[in-house]
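Structure assessment
Each chain, written out:
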Amino acid sequence: MLVVLLVMSAVVAMVTAVVAGGLLLPARHVITREREVNASPDRVWARVAAPTTYATWQRHVRRIESLTESPMRWREFTVDGAFTWQCTDAQAPHRFVARVIDDDVQRQTERAVALEPTGNGTRIRCTEAAVHANPIPRFVYRYLLRPEPQLDALLDDLVRTIDAAASADSAR
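None of these values were measured; they are calculated from a predicted model.

Moving on: the packing of aromatic side chains. The full count for this structure, using the stated rule, is 6 aromatic pairs. A ring pair is formed by W74 and W85, whose centres lie 6.5 Å apart and whose planes are at 5 degrees; its orientation type is stacked. Linking W74 in strand β3 (residues 72–78) with W85 in strand β4 (residues 81–91), this pair joins segments that are 11 residues apart in sequence. Here W74 falls in the buried class, since its relative accessible area comes to 3%. Through successive ring pairs, a cluster of aromatic residues spans W45, Y54, W57, W74, W85 and F96. Taking the ring centre of F77 as reference, the NZ or CZ of R63 above it sits at 3.8 Å. A cation over a ring is seen here: R75 above F77, with NZ or CZ 6.0 Å from the ring centre.

And the structure:
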């Protein structure tokens, strides 16, 4: 009986620590990552502003279902579930912004991709802003899932697919 009581106490203490830790974190977080690619902003824009191609170059996207063209909406089926996105700002070839519009997700996310010409190509700046209303997912996302590696993977995939396309073009 004492063992059960100790185990239950430990579980309650852990849950309390997670909730308290989540309450101490801000509900909104913003992260930004950058990469440079040896390609024009137009070439990068062709990938970024075409959600129907995401499954061909983003490793975590399994498939895309196009929903509407105006406003541009699509459903992204990823390793983490399915999310409905809507483009909220598109200024070719400089800025593309989309946000998750599902009401039933734990995290409301907006992702902005800014493209800036450089002497050798394009600087890609990706900013993700997310809001976690619930303190438990806020804690889990901040300390266990970490958004930075996911955004890094997205940018690495984008650079890889653009470099591959450029190599194929130069081989012709």
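Moving on from the model shown.
Here we take up the layout of surface pockets. In this structure, the largest pocket encloses a volume near 520 Å³. What lines the largest pocket is a set of 23 residues, and nearest its centre among them are D80, F83, R107, Y141 and Q150. Contributions of two or more residues to the lining of the largest pocket are made by β3, β4, β6 (107–117), β7 (122–132), α4 (135–145) and α5 (147–171). With 4 residues, α5 is the single largest residue contributor to the lining of the largest pocket. Its residues assigned to classes, the lining of the largest pocket comprises 11 nonpolar, 6 polar and 6 charged.

Quick look at the side chain of H132 now. Relative to the helices and strands, H132 resides in strand β7. Excluding its chain neighbours within four sequence positions, the residues that come into contact with H132 are A27, H29, Q106, R107, P137, R138 and Y141.

All right, on to the nonpolar core then. By size, the foremost hydrophobic cluster in this structure holds 28 residues, and its most contacted members are V37, V44, Y54, W74, F96, I124 and L158. The dominant element in this core, judged by the number of residues it contributes, is α5, at 6 residues.

With that out of the way, let us pick up the pairing of β6. Taken residue by residue, a regular strand's side chains alternate between the two faces of the sheet. Bridge count between strand β5 (residues 95–100) and β6: 5 bridges; the pairing is antiparallel. If you follow F96 over to β6, its bridge partner there is V113. Between β5 and β6, which follow one another and run antiparallel, lie 6 residues. Where β6 and β7 come together, 11 bridges link them in antiparallel fashion. What sits directly across from R111, in β7, is E128. Hairpin remark: β6 followed by β7, antiparallel, with 4 residues in the connecting loop.

Turning to the environment of P147, a few remarks are in order. Position of P147 relative to the elements: it lies in helix α5. The residues contacting P147, other than those within four sequence positions of it, are H29, I31, E128 and Y141.

Here we take up the pattern of salt bridges. Applying the stated criterion across every chain, the model contains 13 salt bridges. The partner of E34 in a salt bridge is R123, with the nearest N and O atoms 3.7 Å apart. A residue pair is termed long-range when its members are at least 10 positions apart, and E34 in strand β1 (residues 28–37) and R123 in strand β7 qualify at 89 residues. The shortest N-O distance in the salt bridge between E65 and R63 comes to 3.9 Å. Several salt bridges share partner residues, and in doing so they unite E34, E36, E116, R123 and R125 into one network.

What counts and how
- Residues numbered from 1 in each chain as written.
- Predicted model: local features only at pLDDT ≥ 70, side-chain atom pairs only at ≥ 80, totals over all residues.
- Heavy atoms only, no water.
- Phe/Tyr/Trp six-rings, centres within 6.5 Å; stacked < 30°, edge-to-face > 60°.
- Helix = DSSP H or I, 4+ residues; strand = E, 2+ residues; numbered from the N terminus.
- Buried < 20%, exposed > 50% of the residue type's maximum accessible area, 1.4 Å probe, protein only.
- Lys NZ or Arg CZ within 6 Å of the ring centre and 35° of its normal.
- 1 Å grid on protein atoms, 1.4 Å probe; cavity = no way out; pocket = protein on both sides within 12 Å on 5 of 7 lines; lining within 4 Å.
- Points joined across faces, edges and corners; volume = space filled by probe spheres on them.
- Nonpolar A, V, L, I, M, F, W, Y, C, P; charged D, E, K, R; others polar.
- Contact = heavy atoms within 4.5 Å.
- Core = buried A, V, L, I, M, F, W, Y, C linked by side-chain atoms within 4.5 Å.
- Pairing = 2+ DSSP bridges.
- Salt bridge = Lys/Arg side-chain N within 4 Å of Asp/Glu carboxyl O.

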